[in-house]
Amino acid sequence: MNNILDSVEFPEDLKKLNPEDLPKLASEIRSFIVDVISKNPGHLSSNLGVVELTMALHYCFDFRKDRIVWDVGHQAYVHKILTGRKTHFSILRQYKGLSGFPDKNESVYDPFTCGHSGDAISSALGLSCADEIIGYKRSIVVVVGDGGIGAGMSLEALNHAGDIKKNLLVVLNDNEMSISNTVGAVSKYLNKIRTMPIYADIRKELRGLIKILPVLGKPMEKTLEHLVELVKIGATPGRIFEDLGFNYFGPIDGHDFKVLTETINDIKHLNGPVLLHVITEKGRGFEPAYQNPTQFHSSGKFKLSEGKIEKEVQDAGKISYTKVFSDALVEFSKTNPSIVGITAAMPDGTGMISFGEKFPDRYFDVGICEQHAVGLANGLSTEKLKPVVAIYSTFLQRAYDQVFHDICLQKNPVVFVMDRSGVVGNDGPTHNGVFDIAYLRNLPGIVLMSPKDGSELRAMLKIAIDSDEIIAIRYPKENIPDEKIDLECKPFGIGEAEILREGKDGVLLAYGCMVQRCLQAAEQLSGKGVEATVVNARYAKPLDKKLILSLVRKHKLILTVEDHALAGGFGSAVLEMVSDEKEDAGKIVRMGIPDRFMEHGPREVILKNLGLDADGIADTFIASLDLTEIKGSFANTGKRHLAV
Ligand SMILES: Cc1ncc(C[n+]2csc(CCOP(=O)(O)OP(=O)(O)O)c2C)c(N)n1
Ligand SMILES: CC(=O)[C@@H](O)[C@H](O)COP(=O)(O)O
Ligand SMILES: [Mg+2]
């Protein structure tokens, strides 16, 4: 039973508690989160680390009026629990349940809907600038991790904030971890500060001086500013932030509620940008997560039995596309010394970690810096190395200009591997990788591929590595359908599709992971006496023009099926090409993701709702055929995207 947590719904309840009850509340919050996440997976480690920090921020500010901006937002569970969302916490990340990230549609306490890292300081600074223009008095607080602060956009924002001197409190939550170990010079610098004993003493002295000052209000602020100047002269920790125009405080213990609240209360009225460096432990209070924060960063379900934690084996015996990529890259790299691997702080999620372990000299984890990752690949490939850049589809969006300017314009044959393409599921709209075909296919010289299964992923990776073209391969957060992986890597030409099944009644033209679903749909259709041809398109660019045009001439229906936005996706590419070739584009019906952001929930549920499962595809095929027979073409029926 959560005695204290039961009485807390909103920050006002927290403020009413006796100070001595607060550690117990922190402990209850941790147990509550662990219990929910054990059954209902989510971002565990980061949240366990920010319990006291979040409580302290809500204790010292009023975020109905003031604003709190979380970088990424995966660590906002405690914030959710304390801001009226406790009763819905058990359906976190579930379909129609609470979002796993801050969501402006969910609460007035969330100024932004977010999920990508690096943007929080910019957004918060924008709020502060707006307040000044409007004449609104309130505090703007941003919480950014030691991983997130190294992101290019964070550094751009610090650069701006330190220059224009608007009021802004940047809380740097330093837990020495991103998802994996935090990398980079900024991280090394933070480590230097953490291990400098002198600074803790100076901070204590500063607090002592503040306490004996008999002044209040404005004079107090002035004196504080003066003291800050004094500290600056003697102290070098945080110097980099000082030199960038911030008042730096810390490092302080992020698990000591008293130190946190006293420090925040001391500095919250200071003018200009302030950076408070807080040290926390990822996974704190739950031993398995504390011992292995990476595994529990975004954990699967786990069991608590006899005090022993077993991670639940999910989908036993199944292999993910990620694993196939990871193993194939290591295999190919053994005989190809020119391969270099790049990840942007996602070595585990992308599977790049195995390459890094085997070939440390050819491996680069650049931190949460997707733009830099792609820029780095430019230089490497100019010297004839073969960069394989593995970035989730949604995060590659950050590096669009670099793909254009630093890769395509240079004609440098880099391989992009876009894991988590399509609907990702419980992470929701910020993480769905449903725009990559649209944002890449307009770039001259790029080749876009997507495998139908694990065997084909291996073959595609081999083709891409051996090729002189710039190639991007997309695949989903899914297990491969292969019963047995074909290790041979049978080659096929660039832009070559394959017919998997022949039928007279129309064509299912599928891209990537939709091929299997189309094969299942064709089976169902056959049971109803409808025979569909199924084509594995393999490429969104270049398209297999010859094959597709011959199918258009022969069939009355071409149903394109993709796990991507309809706008600008694979189906659009087919439609444009057929229209440009002056063939009957009216025969083409497109299935994919409509022009809205898809909500969170299990991937299969979201896809089913869109009709992007075997049943939905079969239904749409039949409905489209009926319409074709009745109308001859779909023009003006308004039912072109039947699954939408
Ligand atoms: C642009 C972008 N790249 C990558 C990610 C994936 N990602 C989410 S959290 C995270 C690590 C963040 O580390 P840190 O800022 O230190 O926060 P912590 O989890 O340690 O609290 C990463 C790499 C992301 N959300 N956004
Ligand atoms: C918050 C964030 O961006 C990552 O933690 C992401 O949720 C990981 O996704 P996967 O669990 O699919 O690797
Ligand atoms: Mg961190």
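Computed from a predicted model, the values in this text were never measured in an experiment. (Residues numbered from 1 in each chain as written. Chains lettered and ligands numbered in written order. Predicted model: local features only at pLDDT ≥ 70, side-chain atom pairs only at ≥ 80, totals over all residues.)

Some details on the overall build of the protein
Of the regular secondary structure elements, the protein holds 26 helices and 19 strands. Across the 644 residues that make up the protein, the buried fraction comes to 52%. A fraction of 77% describes how many contacts in the protein between residues 6 or more apart in sequence connect residues 24 or more apart. (Helix = DSSP H or I, 4+ residues; strand = E, 2+ residues; numbered from the N terminus. Buried ≥ 20, exposed ≤ 12 C-beta atoms within 10 Å, placed from the backbone. Contact = placed C-beta atoms within 7 Å.)

Re the site of ligand 1
Close contacts around ligand 1 come from 26 residues, with Ser46, Ser117, Gly145, Gly147 and Gly148 the closest. For the shell around ligand 1, the class distribution of residues is seven nonpolar, 14 polar and five charged. (Near = placed C-beta within 6 Å. Nonpolar A, V, L, I, M, F, W, Y, C, P; charged D, E, K, R; others polar.)

Describing the packing of helix H4 (residues 51-60) against helix H12 (residues 257-267)
Put simply, H4 and H12 touch, their axes get as near as 9 Å, and they point 40° apart. It follows that H4 is oblique to H12 by the angle criterion. Considering only the axes of H4 and H12, their crossing is right-handed. Between H4, through Glu52, Leu53, Met55, Ala56, Leu57, Tyr59 and Cys60, and H12, the contact on the second element is made entirely by Phe257, Leu260, Thr261, Ile264 and Asn265. The residue inventory of the contact of H4 with H12, partitioned by class, reads nine nonpolar, two polar and one charged. (Axes fitted to C-alpha atoms, helices over the stretch in contact; angles between N-to-C directions. Parallel < 35°, antiparallel > 145°, perpendicular 65-115°, else oblique. Left-handed = near helix turned anticlockwise from the far one by under 90°.)

Let's talk about the sheet that holds strand E11 (residues 415-418)
Sheets are built from strands paired through backbone hydrogen bonds, the pairs being either parallel or antiparallel. The seven strands lie next to each other as E9-E8-E10-E11-E13-E12-E17, forming an open sheet whose pairing is mixed. Every interior strand has two partners, whereas the edge strands, strand E9 (363-365) and strand E17 (539-541), have only one. Pairwise comparison of adjacent strand axes, ignoring direction, gives a mean angle of 20° for this sheet. Two elements, strand E10 (residues 386-390) and E11, share three bridges in a ladder whose sense is parallel. In the sheet register, alanine 390 faces E11, and the bridge partner there is valine 417. (Pairing = 2+ DSSP bridges.)

A look at the site of ligand 2
Around ligand 2, the neighbouring residues are His43, Val72, His74, Ile179, His297, Ser298, Gly349, Arg420, Val424, Asp427, His431 and Lys477. Among the residues making up the shell around ligand 2, the classes are represented as three nonpolar, six polar and three charged. Built from parts of two domains, the shell around ligand 2 gets at least three residues from each of domain 1 (5-196 + 237-279) and domain 2 (321-474). (Domains from an automatic or database assignment.)

Quick word on the domain arrangement of the protein
With domains assigned, the protein is organised as domain 1 (5-196 + 237-279), domain 2 (321-474) and domain 3 (498-631). Distance from the C-alpha centre of domain 1 to the C-alpha centre of domain 2: 32 Å. If you look at the interface, domain 1 gives 19 residues, while domain 2 gives 17 residues.

Let's talk about the UniProt feature "binding site: Mg(2+)" (unreviewed entry) in the protein
The positions that UniProt labels "binding site: Mg(2+)" (unreviewed entry) are, in the present scheme, Asp146 and Asn175. Their sequence span is 30 residues, while the largest C-alpha to C-alpha distance among them is just 6.8 Å; these annotated residues converge on one region. Note that aspartate 146 resides in the loop between strand E2 (140-145) and helix H7 (152-164). Setting aside anything within four residues of it in sequence, one finds aspartate 146 in contact with Leu172, Asp174, Asn175, Glu176, Thr182, Ser187 and Leu190. Structurally, asparagine 175 can be placed in the loop between strand E3 (168-174) and helix H8 (185-194). Excluding residues within four positions of it along the chain, asparagine 175 makes contact with Gly49, Gly145, Asp146, Thr280, Glu281 and Lys282. (UniProt positions renumbered as here; feature names shortened; annotations may be inferred.)

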